[in-house]
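The primary structure of each chain is shown beneath.
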Amino acid sequence: MLWARVRAGDRDAFAVVFDRYAGAVYGHVLRRTGDGGEAEDLTSAVFLTAWRRRAEVTFDRDSALPWLLGTANRTVANRRRALKRYRALAARVPLPDHEPDHADEVARRIDRERAAQALRRSVAKLPRHERDVVELCVWGGLDQQAAATALGVALGTVKARMHRARKRLSGLLAEEGVHASTHTGIEETR
């Protein structure tokens, strides 16, 4: 019912959807980027896309969250590609000398604890397809069926990827001195 109102252009109904899912989308993007300001910007972009494409949004068991998180993944990937192109261009263009801005690095250090840093490094070492499953199921709060919908793959594929990711992460976290069941939620996720 709510989304039918959104499809008809009801901004108040969309505000309810935003209030319901913005925290989950922001958290997901923040874990992917490690930057609070960028996560806010990208979360806004995800909801702008949802508003513009409201007739195309698909649901998994009456929830738009899988679609929103899938859109968030694509938005983050697009941002990374744009940043890579920008850096390549900036490397070719001589810039005047200036003092570096350390604000982003300070914010990142404040936001992360040692265990979160170890987990993030370990997750980053996973193959992309396993990393996507961990990010959606463990950090995004989706169950495996919803993750399968967000990724456009079969449920069995998500289960297999999660199983392999758990095994890899246990070893990677042990190398970092962190137990997988401590602070991560990796072992408990099914």
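Residues numbered from 1 in each chain as written. Predicted model: local features only at pLDDT ≥ 70, side-chain atom pairs only at ≥ 80, totals over all residues. Heavy atoms only, no water.

Provide a residue-level description of the packing of aromatic side chains, including the pertinent values.
Inspection of every chain in the model, using the stated rule, returns three aromatic pairs. When the centroid spacing of 5.2 Å and the interplanar angle of 65° are considered together, the rings of Phe-14 and Trp-51 count as edge-to-face. Separated by 37 residues along the polypeptide, Phe-14 in helix H2 (residues 11-33) and Trp-51 in helix H3 (residues 36-52) bring together distant segments of the chain. There is no split in this pair, since Phe-14 and Trp-51 are both buried. Through pairs of rings, three or more aromatic residues link up here, namely Phe-14, Phe-18, Phe-47 and Trp-51. (Phe/Tyr/Trp six-rings, centres within 6.5 Å; stacked < 30°, edge-to-face > 60°. Helix = DSSP H or I, 4+ residues; strand = E, 2+ residues; numbered from the N terminus. Buried < 20%, exposed > 50% of the residue type's maximum accessible area, 1.4 Å probe, protein only.)

Describe the pattern of salt bridges, with residues and values.
Where side chains of opposite charge bring their charged atoms close, a pairing between them can arise. Here the structure, examined in full by the defined rule, presents nine salt bridges. For the salt bridge of Asp-143 with Arg-61, the shortest nitrogen-to-oxygen distance reads 2.8 Å. Linking Asp-143 in the loop between helix H7 (128-139) and helix H8 (144-151) with Arg-61 in the loop between H3 and helix H4 (65-92), this pair joins segments that are 82 residues apart in sequence. Measuring nitrogen to oxygen at the nearest pair gives 2.7 Å for the salt bridge that ties Arg-168 to Glu-130. Placement of the pair is Arg-168 in helix H9 (residues 155-176) and Glu-130 in helix H7, with a sequence separation of 38 residues. Of the residues examined, Arg-168 reaches a relative accessible area of 40% and is grouped as partly exposed. Among the ionic contacts, a cluster of salt bridges with common partners joins Arg-32, Arg-128, Asp-132 and Glu-135. (Salt bridge = Lys/Arg side-chain N within 4 Å of Asp/Glu carboxyl O.)

Talk me through H8; I want residue IDs and the actual numbers.
If you check which residues of H8 are buried, you get Gln-144, Ala-146, Ala-147, Ala-148 and Ala-150. The opening residue of H8 is Asp-143, an N-cap whose side-chain oxygen sits 3.2 Å from the backbone nitrogen of Gln-145. One or two positions beyond H8, positive phi appears at Gly-152, with a value near 75°. (Polar contact = N/O pair within 3.5 Å; in protein donor to acceptor, adjacent residues only side chain to side chain.)

Which residues make up the nonpolar core, and what values go with them?
Residues Val-25, Leu-68 and Val-134 are the most contacted members of the largest nonpolar core, which totals 44 residues. Where this core is concerned, the elements lending two or more residues are helix H1 (2-7), H2, H3, H4, helix H6 (114-124), H7, H8 and H9. The element best represented in this core is H2, accounting for seven residues. Counting contributing residues per domain, this core is built from domain 1 (1-93) and domain 2 (109-178), each supplying no fewer than three. When residues no more than four places from it in sequence are discounted, the contact partners of Val-25 are Thr-43, Val-46, Phe-47, Leu-65, Leu-68, Leu-69 and Ala-72. (Core = buried A, V, L, I, M, F, W, Y, C linked by side-chain atoms within 4.5 Å. Domains from an automatic or database assignment. Contact = heavy atoms within 4.5 Å.)

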